[in-house]
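The residues making up each chain are set out below.
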Amino acid sequence: MQTFEYAYEIGREVNLNRVIQYLKKKGTGVLIVAVIVAVIFGVSITQGNGKAGALENASVSLAIPSKKSSSGFVGWLQGIYSYMFQFDTLKAENEELKIKLAESQTELRKAKSAIEENKRLRDLFDLSDRHEDLTFEDAMIIDRGNSNWNDTYTIDKGQESDIRVGDCVVDSQYNLVGQVIELGLGWATVRSVCDADMHVGALVGENGNAAMIIGDFALMQDGNTKLTYLTDETQVLEGDAILTSGKGGTFPRNLVIGEITDVRTEDGGQMKYAIVTPSASLDSLTQVFVVKDFDLVE
Amino acid sequence: MLHNALNLSKVRRGILYAGVLLIAIVLQNTLLSQIVIFGVRPIILPSVVVAFGFFGGGIVGGIFGLITGVLFDMSLNAGSIIMTVLFTIIGFGSGMTTMFYTNKRLTAFCVVSTLALLLTAFCQMFPYLAFTDTSRVPLLITGGLQTLWSFPFIFLAFYGVRSVSQINVNEDLRI
């Protein structure tokens, strides 16, 4: 037994020495190379200001065809599933949408009449027009991101379409979808409005009180986001609409972010915050519009 | 002269491993990104890096871990280099493990891969833990689920890379 223990200790010592020698001989080199590559990669990220480097452009460009085909295949499967198992639901939804369309058309006729009256009154009192011109670039979503730690999309337009990092992205109903965070040739990465790193100035409800949309990881998993920095005077109720404030010049004003679905109190018990469900159908979006430029004219 | 300077068998082995890596990345970005259970997707790349180390040795594991980490950091759009360093260490460490401590069988691979998946999840949640006041519970749940859903793909990585590593690359090419 003592012989065995002695041999075991000798073997352990020899093995440890071999490990240390191997680490010194090979591990140091590998670690140095890894650190150098990581530093170069990190510097290229920070210096790029959101624009992808050549290697990333090449890797994403190579991946785009497979992403498009897999997204298309999944969409086709989802379409078959919907047809087979959700036909009745879709039919009922179609009828409901027809009713809403008829109501919207009635509202549109009233709005047209109001616009004409507004124009007549402006001409009468010699008031200049106030409008916000938005320049759009339409794009298709080709990938929905494959990370569990952020919520991003890849679209099929990039630097060549004069899109810039920081441009906001909306859907066809002027609902906020997200913000461009990375640009490449023929592609761009959009951070979703639900992403944990999202920050948007917001206006709450009819009074338009100022607040902030700040992403929350837990809420991101549920497809929601957080409205915080509410002042004491701000009244928040479930169902209140949240719009972009336009402060800071990053986002145009009055884009629809979502509506409040719950009001809660922070852990300390003093500050309240609201849970906001985005109005954009983020799970089923296929086409989006990048706001490349906007002017506020008074 | 170049023919004599190059170790062709190593070059061929490297090309085969590069092909496996490419397949793993395509699989990760296409099929696995569509499998969402309780809002969490599985990942296969840490297991593939461990497999490179297991069957290729520490240096091969380190090199392919470095390449995989760079590509993984790019795809995550996180603007960090954590995965670059982490996967290098995982690849090199798993190679060292088989050289000095374990055999190359499935059980040992499962243990090392699970540790690699847990380490990957921890490094991914670390920015939220350290720099934000995000609640710990959803982070831990996401990390745990990510590791759990990734476990079945450990077998795919093991058998896939083992099959490639058993291909004979020492035959001379005759034109």
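Residues numbered from 1 in each chain as written. Chains lettered and ligands numbered in written order. Predicted model: local features only at pLDDT ≥ 70, side-chain atom pairs only at ≥ 80, totals over all residues. Heavy atoms only, no water.

### A word on the overall build of chain A
Turning to step 1, where the next piece is worked out: Scanning chain A from N- to C-terminus turns up four helices and 12 strands.
Turning to step 2, where the next piece is worked out: In chain A, which comprises 298 residues, the proportion classed as buried is 36%.
Turning to step 3, where the next piece is worked out: Summed over all atoms, the accessible surface of chain A reaches about 18000 Å², with 55% contributed by carbon and sulfur. (Helix = DSSP H or I, 4+ residues; strand = E, 2+ residues; numbered from the N terminus. Buried < 20%, exposed > 50% of the residue type's maximum accessible area, 1.4 Å probe, protein only. Areas by Shrake-Rupley, 256 points an atom, 1.4 Å probe, with all protein chains shown as cover.)

### Remarks on the overall build of chain B
Turning to step 1, where the next piece is worked out: Along chain B, the regular secondary structure elements total eight helices and zero strands.
Turning to step 2, where the next piece is worked out: The C-alpha radius of gyration computed for chain B amounts to 17 Å, which stays within 12% of the reference 16 Å derived for 175 residues, consistent with globular compactness.
Turning to step 3, where the next piece is worked out: Projected onto its principal axes, the C-alpha coordinates of chain B cover approximately 60 × 35 × 30 Å.
Turning to step 4, where the next piece is worked out: A buried classification covers 50% of the 175 residues belonging to chain B.
Turning to step 5, where the next piece is worked out: Residue pairs in contact within chain B that sit at least 24 positions apart in sequence constitute 73% of those at least 6 positions apart. (Rg over C-alpha atoms; globule rule 2.2 N^0.38 Å. Contact = heavy atoms within 4.5 Å.)

### So, the pairing of strand E10 (residues 256–265) of chain A
Residue and element names in this part refer to chain A.
Turning to step 1, where the next piece is worked out: As defined by bridge partners, strand E9 (residues 241–244) adjoins E10 across three bridges and the pair is classed as antiparallel. When the bridges of E10 are listed, Ile242 appears paired with Gly258.
Turning to step 2, where the next piece is worked out: The turn joining E10 and strand E11 (residues 272–278), which pair antiparallel and follow one another in sequence, is formed by six residues; a positive phi near 90° is taken by Gly269. (Pairing = 2+ DSSP bridges.)

### Comments concerning the packing of aromatic side chains
Turning to step 1, where the next piece is worked out: For the structure shown, the criterion picks out 19 aromatic pairs over all chains.
Turning to step 2, where the next piece is worked out: Judged by centre distance (6.2 Å) and plane angle (65°), the rings of Phe54 of chain B and Phe55 of chain B are edge-to-face. This pair shows no difference in class: Phe54 of chain B is buried, exactly as Phe55 of chain B is.
Turning to step 3, where the next piece is worked out: Consider the rings of Phe54 of chain B and Phe109 of chain B, whose centres lie 5.3 Å apart with planes at 90°: the pair is edge-to-face. Within this pair, whereas Phe54 of chain B is found in helix H3 (residues 45–56), its partner Phe109 of chain B is found in helix H6 (residues 106–131), the two being separated by 55 residues in sequence. Here Phe54 of chain B and Phe109 of chain B have matching classes, each one buried.
Turning to step 4, where the next piece is worked out: Among the aromatic residues, ring-to-ring pairing joins Phe54, Phe55, Phe109, Phe158 and Tyr159 of chain B into one connected group.
Turning to step 5, where the next piece is worked out: Above the ring of Tyr273 of chain A, the side-chain terminus of Lys226 of chain A is found at 4.6 Å from the ring centroid. (Phe/Tyr/Trp six-rings, centres within 6.5 Å; stacked < 30°, edge-to-face > 60°. Lys NZ or Arg CZ within 6 Å of the ring centre and 35° of its normal.)

### Overview of the confidence of the model for chain A
Interpretation of the predicted coordinates at a detailed level should be avoided for regions scoring low in pLDDT.
Turning to step 1, where the next piece is worked out: The predicted model of chain A has a mean per-residue pLDDT of 81, with 82% of residues at 70 or higher.
Turning to step 2, where the next piece is worked out: Taken element by element, the predicted model of chain A shows its lowest mean pLDDT in helix H2 (residues 54–85) of chain A (69) and its highest in strand E3 (residues 168–170) of chain A (94). (pLDDT = per-residue confidence, 0-100.)

### Digging into the nonpolar core
Turning to step 1, where the next piece is worked out: Membership of the largest hydrophobic core comes to 39 residues, with the highest contact counts inside it found for Leu227 and Ile242 of chain A.
Turning to step 2, where the next piece is worked out: Those residues in contact with Leu227 of chain A that sit more than four places away from it in its chain are Ala202, Val204, Ala211, Met212, Ile213, Val236, Ile242, Ile260, Tyr273, Ala274 and Val276 of chain A.
Turning to step 3, where the next piece is worked out: Core analysis: the next-biggest nonpolar cluster, separate from the first, contains 35 residues, Leu21, Phe54, Cys123 and Val164 of chain B among them. (Core = buried A, V, L, I, M, F, W, Y, C linked by side-chain atoms within 4.5 Å.)

### Re the packing of H6 of chain B against helix H8 (residues 152–165) of chain B
Residue and element names in this part refer to chain B.
Turning to step 1, where the next piece is worked out: Packing of H6 against H8 leaves a shortest axis separation of 10 Å and a crossing angle of 125°. When the axes of H6 and H8 are compared, the pair comes out oblique. Viewed along their axes, H6 and H8 form a crossing whose handedness is right-handed. For the pair formed by H6 and H8, the contact residues are Leu106, Phe109, Cys110, Ser113, Thr114 and Leu117 on the first element and Ile154, Phe155, Ala157, Phe158 and Tyr159 on the second.
Turning to step 2, where the next piece is worked out: Taken together, the residues of the contact of H6 with H8 break down into nine nonpolar, two polar and no charged. (Axes fitted to C-alpha atoms, helices over the stretch in contact; angles between N-to-C directions. Parallel < 35°, antiparallel > 145°, perpendicular 65-115°, else oblique. Left-handed = near helix turned anticlockwise from the far one by under 90°. Nonpolar A, V, L, I, M, F, W, Y, C, P; charged D, E, K, R; others polar.)

### A few points about helix H7 (residues 136–150) of chain B
One turn of an α-helix holds 3.6 residues; hence residues three or four places apart share an orientation.
Turning to step 1, where the next piece is worked out: The terminal C-alpha atoms of H7 of chain B, which comprises 15 residues, lie 21 Å apart, in line with the 21 Å expected from a rise of 1.5 Å per residue.
Turning to step 2, where the next piece is worked out: Where H7 of chain B is buried, its residues contact helix H4 (217–221) of chain A together with H6 and H8 of chain B. (Expected span 1.5 Å × (residues − 1).)

### A word on the sheet that holds E11 of chain A
Turning to step 1, where the next piece is worked out: Ordered in space as E6-E7-E8-E11-E10-E9 (chain A), the six strands form a closed barrel in which the pairing is antiparallel. When the angles between neighbouring strand axes are averaged without regard to direction, this sheet yields 40°.

### Things to note about the packing of H3 of chain B against H6 of chain B
All names here are of chain B.
Turning to step 1, where the next piece is worked out: Packing of H3 against H6 leaves a shortest axis separation of 9 Å and a crossing angle of 135°. Judged on the interaxial angle alone, H6 and H3 are oblique. In terms of crossing hand, the pair formed by H3 and H6 is right-handed. When H3 is examined against H6, the residues Pro46, Ser47, Val50, Ala51 and Phe54 are found in contact with a partner set consisting of Ala108, Phe109, Val112, Ser113, Ala116, Leu117 and Thr120.

### Some words on the side chain of Thr147 of chain B
Turning to step 1, where the next piece is worked out: With respect to the helices and strands, Thr147 of chain B occurs in helix H7.
Turning to step 2, where the next piece is worked out: Separated by 3.0 Å, the side chain of Thr147 of chain B and the backbone oxygen of Gly143 of chain B make a polar contact. (Polar contact = N/O pair within 3.5 Å; in protein donor to acceptor, adjacent residues only side chain to side chain.)

### Here's the deal with the interface of chain B and chain A
Turning to step 1, where the next piece is worked out: Chain B puts 40 residues into the contact, and the matching count from chain A is 38 residues.
Turning to step 2, where the next piece is worked out: In this assembly, chain B packs against chain A so that about 3500 Å² is buried in total across both faces, 67% of it on carbon and sulfur atoms.
Turning to step 3, where the next piece is worked out: Between chain B and chain A we count zero salt bridges in total.
Turning to step 4, where the next piece is worked out: Summed over the shared surface of chain B and chain A, the number is seven residue pairs in polar contact (both at pLDDT 80 or more).
Turning to step 5, where the next piece is worked out: If you list the elements that add at least two residues to the side of chain B that touches chain A, you get helix H2 (8–34), helix H4 (58–76), helix H5 (82–100), H6 and H7 of chain B.
Turning to step 6, where the next piece is worked out: Sorting elements by how many residues they give to the side of chain B that touches chain A places H4 of chain B first, with 10 residues.
Turning to step 7, where the next piece is worked out: Class assignment for the residues of the side of chain B that touches chain A results in 19 nonpolar, 19 polar and two charged. (Buried area = accessible area lost by both parts, 1.4 Å probe. Salt bridge = Lys/Arg side-chain N within 4 Å of Asp/Glu carboxyl O.)

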